[in-house]
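Each chain is listed here by its residues.
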Amino acid sequence: MRKINIGIILALSLLFLAGCGKSEEKENPNKKYMYYINNAQTKVVFEEMELPGGVQTEVVTELLKRLQAEPKNLSYKRAIPDNVNLPTPEFLGNSKLRLNFDASYNQMEGVQELLRRAAIVKTLCQLDFVDSVEFYVEGNPLTDGDGLQVGALTSSSFIDSFNYLEKQNIDLYYASEDKKKLICVEALANYDGSSTVERIVIDQIIRGSSGVEKVEQYYGQVYNTIPSGTVCNSINTVDYICYVDLNSSFIGGVEGISDELVIYSIVNSLTSLSTINKVKFTIGGEAIKSYGTVANFDQFFEMNYNLIDKTTENNTTSKAEDEN
């Protein structure tokens, strides 16, 4: 089988080991915690707290102030440093919270920013009325190093174990040369513990095949299937069902490629993972009944083998095997 190393290495290594080790306290699901980062800035840590009272905006504002205050444990660092102004919270409905930061947020970079963002999300997502958190800076969505929007984050957006450059075989589906079938590009993704595999897969499908090494050499001409400007707002998997929320740019379709192929390039890529059997789409948090010529877009989608081009399956080259 052809395995091409696409070298996906997310940001910087995120050590997210709250509660690991014999000497460290484990989180109690019946208690609430404030999350900070350790002095070495290598992991997220926590302290028990009592939730503040008040209406929703008041509760969130108070927790943000606590995240910027000195932790009780002097070996911990604040989740929001002094030189970053506190954001303005905005409730968007569906238990989604948006935090609007000013330009001071940009002073945080790399692993420091990633850890602090994780601490903020984990603290706020304990609230009954907050399921996810969006980060905005100067009125614009926060983006990663590749310019992709970070989107809505939940506590599960951050993996609790640290595996430096863990490897995962993934299948990425692009349109064939005649744009009538899907070509399965088998890749080897290198990643750290700062994101989920399904996030890696969909981000790579959105980026297109240009981010995959030697794809044309081993698979021939393939075409990107995702409309320009598409952003994955959030992606979460529960009970083998992957819930994907995309922005409205996805509605535009791709010239010369059928709407069915656009949809199943995502569905087939995600359901190739052992943890996913079905995919459910929403656009801007809302289910829509049709996608172009495809009816019942609000249904659950499963792998579609009939759309896969079988002609390239046995074109294994020795060089491709060397990249296994």
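Heads up: the structure comes first, above all this text.
Our subject in this report is the structure included herewith. Being a predicted model, the structure only gives us computed values, none of them experimental.

Rules used in this analysis
Residues numbered from 1 in each chain as written. Predicted model: local features only at pLDDT ≥ 70, side-chain atom pairs only at ≥ 80, totals over all residues. Heavy atoms only, no water. Helix = DSSP H or I, 4+ residues; strand = E, 2+ residues; numbered from the N terminus. Buried < 20%, exposed > 50% of the residue type's maximum accessible area, 1.4 Å probe, protein only. Contact = heavy atoms within 4.5 Å. Salt bridge = Lys/Arg side-chain N within 4 Å of Asp/Glu carboxyl O. 1 Å grid on protein atoms, 1.4 Å probe; cavity = no way out; pocket = protein on both sides within 12 Å on 5 of 7 lines; lining within 4 Å. Points joined across faces, edges and corners; volume = space filled by probe spheres on them. Axes fitted to C-alpha atoms, helices over the stretch in contact; angles between N-to-C directions. Left-handed = near helix turned anticlockwise from the far one by under 90°. Nonpolar A, V, L, I, M, F, W, Y, C, P; charged D, E, K, R; others polar. Expected span 1.5 Å × (residues − 1). Polar contact = N/O pair within 3.5 Å; in protein donor to acceptor, adjacent residues only side chain to side chain.

**Some details on the side chain of N233**
Stage number 1. Along the chain, N233 turns up in strand 11 (residues 232-238).
Stage number 2. Of the residues examined, N233 reaches a relative accessible area of 12% and is grouped as buried.
Stage number 3. Apart from the residues within four sequence positions on either side, N233 is in contact with Q149, V150, G151, A152, R199, D245, L246, N247 and G284.

**What about the pattern of salt bridges?**
Stage number 1. Going through the model one piece at a time under the given rule, you end up with eight salt bridges.
Stage number 2. A salt bridge links K31 to E48, with the nearest nitrogen and oxygen atoms 3.6 Å apart. Remark: E48 occurs in strand 3 (residues 44-49) and K31 occurs in the loop between strand 1 (4-5) and strand 2 (32-38); sequence separation between them is 17 residues.
Stage number 3. Residue classification places K31 among the partly exposed positions, given a relative accessible area of 35%.
Stage number 4. In this structure, E134 and K96 form a salt bridge, with 3.6 Å as the shortest nitrogen-oxygen distance.

**Details of the layout of surface pockets**
Stage number 1. The volume enclosed by the second largest pocket comes to roughly 570 Å³.
Stage number 2. For the lining of the second largest pocket, the secondary-structure elements that each account for two or more residues are strand 5 (88-93), strand 6 (96-101), strand 7 (132-137), strand 11, strand 12 (241-246) and strand 13 (278-283).

**Examining the environment of L114**
Stage number 1. Structurally, the position occupied by L114 is in helix 2 (residues 110-124).
Stage number 2. Each C-alpha atom of the pair L114 and F158 lies 9.7 Å from the other, and the pair is 44 residues apart in sequence.

**Here's the deal with the packing of helix 1 (residues 56-68) against helix 2**
Stage number 1. For the pair helix 1 and helix 2, interaxial distance at closest approach is 11 Å and the crossing angle is 145°. Two packed elements cross with a definite hand, and for helix 1 against helix 2 that hand is right-handed. For the pair helix 1 and helix 2, contact is made by V60, L63, L64 and L67 and by I120, T123 and L124, respectively.
Stage number 2. The residue inventory of the contact of helix 1 with helix 2, partitioned by class, reads six nonpolar, one polar and no charged.

**Examining the environment of E177**
Stage number 1. Within the fold, E177 resides in the loop between strand 9 (166-175) and strand 10 (182-191).
Stage number 2. With sequence-adjacent residues up to four places away left out, E177 is seen in contact with Q221 and Y223.

**Observations regarding helix 2**
Stage number 1. When the terminal C-alpha atoms of helix 2 are compared, their 22 Å separation across 15 residues agrees well with the 21 Å that a helix rising 1.5 Å per residue should span.
Stage number 2. Buried residues dominate helix 2, accounting for twelve of its 15 residues.
Stage number 3. Listing the buried residues of helix 2 in full gives E113, L114, L115, R116, R117, A118, A119, I120, V121, K122, T123 and L124.
Stage number 4. The elements touched by buried residues of helix 2 are strand 2, strand 3, helix 1, strand 4 (76-77), strand 6 and strand 7.

**Some words on unusual backbone geometry**
What is expected of a backbone is that most residues other than glycine have negative phi and most peptide bonds are trans.
Stage number 1. The phi angle at S95 is positive, at roughly 60°, despite the residue not being glycine.
Stage number 2. Tracing the backbone through its elements, the reader meets S95 in the loop between strand 5 and strand 6.
Stage number 3. Non-glycine residue K179 carries a positive phi angle of around 60°.
Stage number 4. You can call K179 partly exposed: its relative accessible area is 27%.

**A look at helix 5 (residues 259-271)**
Stage number 1. In a regular helix each residue adds 1.5 Å, so 13 residues correspond to 18 Å; helix 5 covers 18 Å between its end C-alpha atoms and thus fits that length.
Stage number 2. The element helix 5 is extensively covered by neighbouring structure, given that twelve of its 13 residues are classed as buried.
Stage number 3. Buried within helix 5 we find D259, L261, V262, I263, Y264, S265, I266, V267, N268, S269, L270 and T271.

**Examining the side chain of N304**
Stage number 1. Relative to the assigned elements, N304 resides in the loop between strand 16 (300-301) and helix 6 (318-322).
Stage number 2. Residue classification places N304 among the buried residues on the basis of a relative accessible area of 15%.
Stage number 3. Engagement of the side chain of N304 in a polar contact is seen with the backbone nitrogen of L307, the distance being 3.4 Å.
Stage number 4. Those residues in contact with N304 that lie beyond four places of it in its chain are E260, Y264 and N268.

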